[in-house]
Amino acid sequence: MACRYCYEAPGAMDMTLETAQKALAACATGANCGIIFFGGEPLLMQGRIWEIIDALEGERPREPRQFHYKVTTNGLLLDEAFLERAKACRLHVAMSHDGVAEAHDAHRVMPGGRASSLAAASSRAASSLAAASSRAASSRAVGTFDVLKPKLEMLLRYQPYAPIMLTVNPDTVKYFETSVRWLQSMGVQYVIASLNYAGAWEDAHVKRLKRECEALARWHLGNYRRERKIYFSPFDKRMATHIFTGRGVSCQLGKRQISVGADGTLYPCVQFVGRREYAIGHVDTGLDEARREEIYCRNEAEKPTCAECALNGRCHNKCGCMNLQTTGSLDALPPLLCEYERIIFPIADRLADTLYKERNPLFIHRHYNPMFPVMSFLEDMGG
């Protein structure tokens, strides 16, 4: 695809199985290890994904670690065969989708003339992609909403809790509430919504963003009262910081996750890949612990503009990927972040206070019971 807000530069570089195996040897530590496949579009290399998983699972009798697998995809190459195999090996699938057609097709597009050529690379996806391509001239971008709607339905049949990643842009903010409601109507139970902080946001867009957030708060209050168990990250994640100070604030850059470039260079997170000045090692030489610690400490350092802010310690000002993508530096924040956090935190806090005062069962269960995910799953399965 050619999503207009994507941070990945066009181009192709494929990781070899040998590089992947070296990366695991260099970075996989602890009793539990999560492995995330990302790109570009990772399903263009399904064969490599299965090679890596099969190699690890084949070693299980001798391998003391428990591996967990996840992939985030644009959804174009999802099919029954992939999802069957993903279910068998516990590969959790997340899908990017921006909601209603007006929002989704504004940015999540195929470049002109490319839809049919990409389809040829996957016979299983050929008919739907070629159909989308034929509806537009070769010089015009092709929206992907129509192609992806049945893919989303298929994914949710196999993985009802699959996270859906929604990005809000200045020109699509007016569809924010409508898009989230549409995803819920499709059966989505886990919405990760974020802003395109690098977009051309103006005052009118920010004002509309506030109205959309207020409308979404009323919608989410209704979900809790009706015990509809949809997770909506802009509120549920922030409500957690209202209840338990410090939860989920730091991204632990370079500590919690290591990203591996196709050439084997190691980086502190996905949006750093390709920026050699932030490299923290290589699969052939291992992690450079001194460099890793230096970047971590730099990211954790107090931002000068945050010292007197009442939201410091709760907001997302230490997301290294976001800061780097939007400002080019770990040390500077995108101005929109501060505006957004000052909008959404009071709304999320009011929502949490209302639900707590009501002693809402779903709210109490979700935010105060550490066993909620397991118990909720068993309940949904009828156990």
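On a predicted model such as this, the values are computed, not experimentally measured, just so you know. (Residues numbered from 1 in each chain as written. Predicted model: local features only at pLDDT ≥ 70, side-chain atom pairs only at ≥ 80, totals over all residues. Heavy atoms only, no water.)

### Let's talk about the overall build of the chain
Then, number 1: Helix and strand counts for the chain come out as 15 helices and twelve strands.
Then, number 2: For the chain, the residues scored as buried account for 49% of the 383 residues in total.
Then, number 3: Sequence separation of 24 or more characterises 69% of the internal contacts of the chain that already satisfy a separation of 6 or more. (Helix = DSSP H or I, 4+ residues; strand = E, 2+ residues; numbered from the N terminus. Buried < 20%, exposed > 50% of the residue type's maximum accessible area, 1.4 Å probe, protein only. Contact = heavy atoms within 4.5 Å.)

### Observations regarding the pairing of strand β2 (residues 66–73)
Regular strands place their side chains on alternate faces of the sheet.
Then, number 1: Here β2 shows one buried face, formed by Phe-67, Tyr-69, Val-71 and Thr-73, and one open face, formed by Gln-66, His-68, Lys-70 and Thr-72.
Then, number 2: Two strands pair when backbone bridges link them, and strand β1 (residues 32–37) and β2 are joined in this way by six bridges, in the parallel orientation. Bridging from a neighbouring strand, Ile-35 pairs with Tyr-69 of β2.
Then, number 3: Here β2 runs beside strand β3 (residues 91–96); their pairing, made up of five bridges, is parallel. For Val-71, the partnering residue across the bridge sits in β3 and is Val-93.
Then, number 4: Read as a crossover between parallel neighbours, the route from β2 over helix α3 (residues 80–88) to β3 is right-handed. (Pairing = 2+ DSSP bridges. Right-handed = clockwise from strand over helix to strand, strands pointing away.)

### Structural notes on the packing of aromatic side chains
Then, number 1: Counted under the stated rule, the structure contains ten aromatic pairs.
Then, number 2: Arranged with centres 6.2 Å apart and planes meeting at 50°, the rings of Phe-176 and Phe-232 form a pair that is tilted. With Phe-176 in helix α8 (residues 176–185) and Phe-232 in strand β8 (residues 231–232), this pair connects stretches of sequence that are 56 residues apart.
Then, number 3: We classify Phe-232 as buried; its relative accessible area is 0%. (Phe/Tyr/Trp six-rings, centres within 6.5 Å; stacked < 30°, edge-to-face > 60°.)

### Some details on the pattern of salt bridges
Then, number 1: For the coordinates displayed, the defined rule picks out 17 salt bridges.
Then, number 2: The residue Arg-85 makes a salt bridge to Asp-54 at a minimum N-O spacing of 2.7 Å. With a gap of 31 residues between them, Arg-85 in helix α3 and Asp-54 in helix α2 (residues 46–58) connect regions that are remote in the sequence.
Then, number 3: Between Glu-289 and Arg-292 there is a salt bridge whose closest N-O contact spans 3.3 Å. Remark: Arg-292 and Glu-289 occur in helix α11 (residues 289–300); sequence separation between them is three residues, near one turn of the helix.
Then, number 4: Exposure remark for Glu-289: the relative accessible area of 47% places this residue in the partly exposed category.
Then, number 5: Among the charged side chains, a salt-bridge network with shared partners connects Glu-18, Lys-22 and Asp-284. (Salt bridge = Lys/Arg side-chain N within 4 Å of Asp/Glu carboxyl O.)

### Examining the pairing of strand β7 (residues 190–195)
Then, number 1: Covered by surrounding structure in β7 are Val-191, Ala-193 and Leu-195 only, the residues Tyr-190, Ile-192 and Ser-194 on the alternate face being uncovered.
Then, number 2: Of the strand pairs in this sheet, β7 and β8 are connected by two bridges, and their pairing is parallel. The residue bridging Val-191 from the neighbouring strand is Phe-232, located in β8.

### Concerning the nonpolar core
The nonpolar side chains of a soluble globular protein tend to be buried, and buried together.
Then, number 1: Among the nonpolar cores identified, the biggest contains 100 residues, and Phe-82, Leu-91, Phe-176 and Phe-235 are the most heavily contacted of them.
Then, number 2: The element contributing the most residues to this core is helix α13 (residues 335–357), with ten residues.
Then, number 3: Sequence-distant contacts of Phe-235, that is, excluding residues within four places in its chain, are made with Cys-213, Leu-216, Ala-217, His-220, Ile-344, Ile-347, Ala-348 and Leu-351. (Core = buried A, V, L, I, M, F, W, Y, C linked by side-chain atoms within 4.5 Å.)

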